[in-house]
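Architecture and fold: a report
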Amino acid sequence: QVQLVESGGGLVQAGGSLRLSCAASGRTFSSYVMGWFRQAPGKERDFVAAITYNGGSTYYADSVKGQFTISRDNALKVYLQMNSLKPEDTAVYYCAASGTVAVRDPKRIDGYIYWGQGSQVTVSS
């Protein structure tokens, strides 16, 4: 069993930056695909970014390309660096782990079986 805990969320002004961290406990996730998703009030949970088990490939939603960066310290943490934040980035951000070395499509929510509790990010205008 893997437990994921996000941290680093908060309130920031538009144009500011935040870095989210996701730490695993119970078992290392060095062999899993890791992803970040977000859910705004009244909306579905959407893909943000993903990274393969060895960090060799990264994937981003079109809406955050060039703005967010995903990275990982294998067996330690996964990060989401968020720059030039906009009010529309306001959401609860969730860390997720695939439970497998690879998934067919890292952007699909059904490829992930472990989820964190979420971290609120609020961007004020």
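Residues numbered from 1 in each chain as written. Predicted model: local features only at pLDDT ≥ 70, side-chain atom pairs only at ≥ 80, totals over all residues. Heavy atoms only, no water.

1. Here we look at the pairing of strand E11 (residues 119-124)
Every second residue of E11 is oriented toward a common face, the buried set being Ser119, Val121 and Val123 and the non-buried set Gln120, Thr122 and Ser124. With four bridges joining them, strand E2 (residues 10-13) and E11 adopt parallel strand pairing. For Gln13, the partnering residue across the bridge sits in E11 and is Ser124. (Buried < 20%, exposed > 50% of the residue type's maximum accessible area, 1.4 Å probe, protein only. Helix = DSSP H or I, 4+ residues; strand = E, 2+ residues; numbered from the N terminus. Pairing = 2+ DSSP bridges.)

2. Concerning the sheet that holds strand E3 (residues 18-25)
Taken together, four strands build an open sheet; the order of strands is E1-E3-E8-E7 and the sheet is antiparallel. Each edge of the open sheet is held by one strand with a lone partner, namely strand E1 (3-7) and strand E7 (68-73). With direction set aside, neighbouring strand axes in the sheet form an average angle of 15 degrees. Both E3 and strand E8 (residues 77-82) contribute to a ladder of six bridges, which runs antiparallel. Residue Cys22 lies in a different strand from E8, and its bridge partner there is Val78. (Axes fitted to C-alpha atoms, helices over the stretch in contact; angles between N-to-C directions.)

3. Let's talk about the layout of surface pockets
Counted as a void, the largest pocket has a volume near 160 Å³. Counting only elements with at least two residues in the lining of the largest pocket, the list comes to strand E4 (34-39) and strand E5 (45-51). (1 Å grid on protein atoms, 1.4 Å probe; cavity = no way out; pocket = protein on both sides within 12 Å on 5 of 7 lines; lining within 4 Å. Points joined across faces, edges and corners; volume = space filled by probe spheres on them.)

4. Here we look at the packing of aromatic side chains
Considering all chains together, one arrives at five aromatic pairs under this definition. Seen from their ring centres, Phe37 and Tyr112 are 5.3 Å apart, and the 75 degrees between their planes marks the pair as edge-to-face. Taken together, the residues Phe37 in strand E4 and Tyr112 in the loop between strand E9 (91-97) and strand E10 (114-115) connect sequence positions 75 residues apart. Taking 6.3 Å as the distance between ring centres and 65 degrees as the angle between the ring planes, the aromatic pair formed by Tyr112 and Trp115 counts as edge-to-face. Residue classification places Tyr112 among the buried positions, given a relative accessible area of 4%. Its relative accessible area of 26% is what places Trp115 among the partly exposed residues. Ring pairs connect the aromatic residues Phe37, Phe47, Tyr112 and Trp115, which therefore count as one cluster. (Phe/Tyr/Trp six-rings, centres within 6.5 Å; stacked < 30°, edge-to-face > 60°.)

5. Details of unusual backbone geometry
Look at Ser84: it is not a glycine, yet its phi comes out positive at around 50 degrees. With respect to the secondary-structure elements, Ser84 resides in the loop between E8 and E9.

6. A few points about the pattern of salt bridges
Applying the stated criterion across every chain yields a total of three salt bridges. One salt bridge in this structure joins Asp89 and Arg38, with 2.9 Å as the shortest N-O distance. Placement of Asp89 in the loop between E8 and E9 and of Arg38 in strand E4 is noted, with a sequence separation of 51 residues between them. In this structure, Asp62 engages Lys65 in a salt bridge whose closest nitrogen and oxygen atoms are separated by 3.2 Å. Assigned by exposure class, Asp62 and Lys65 land together as exposed. (Salt bridge = Lys/Arg side-chain N within 4 Å of Asp/Glu carboxyl O.)

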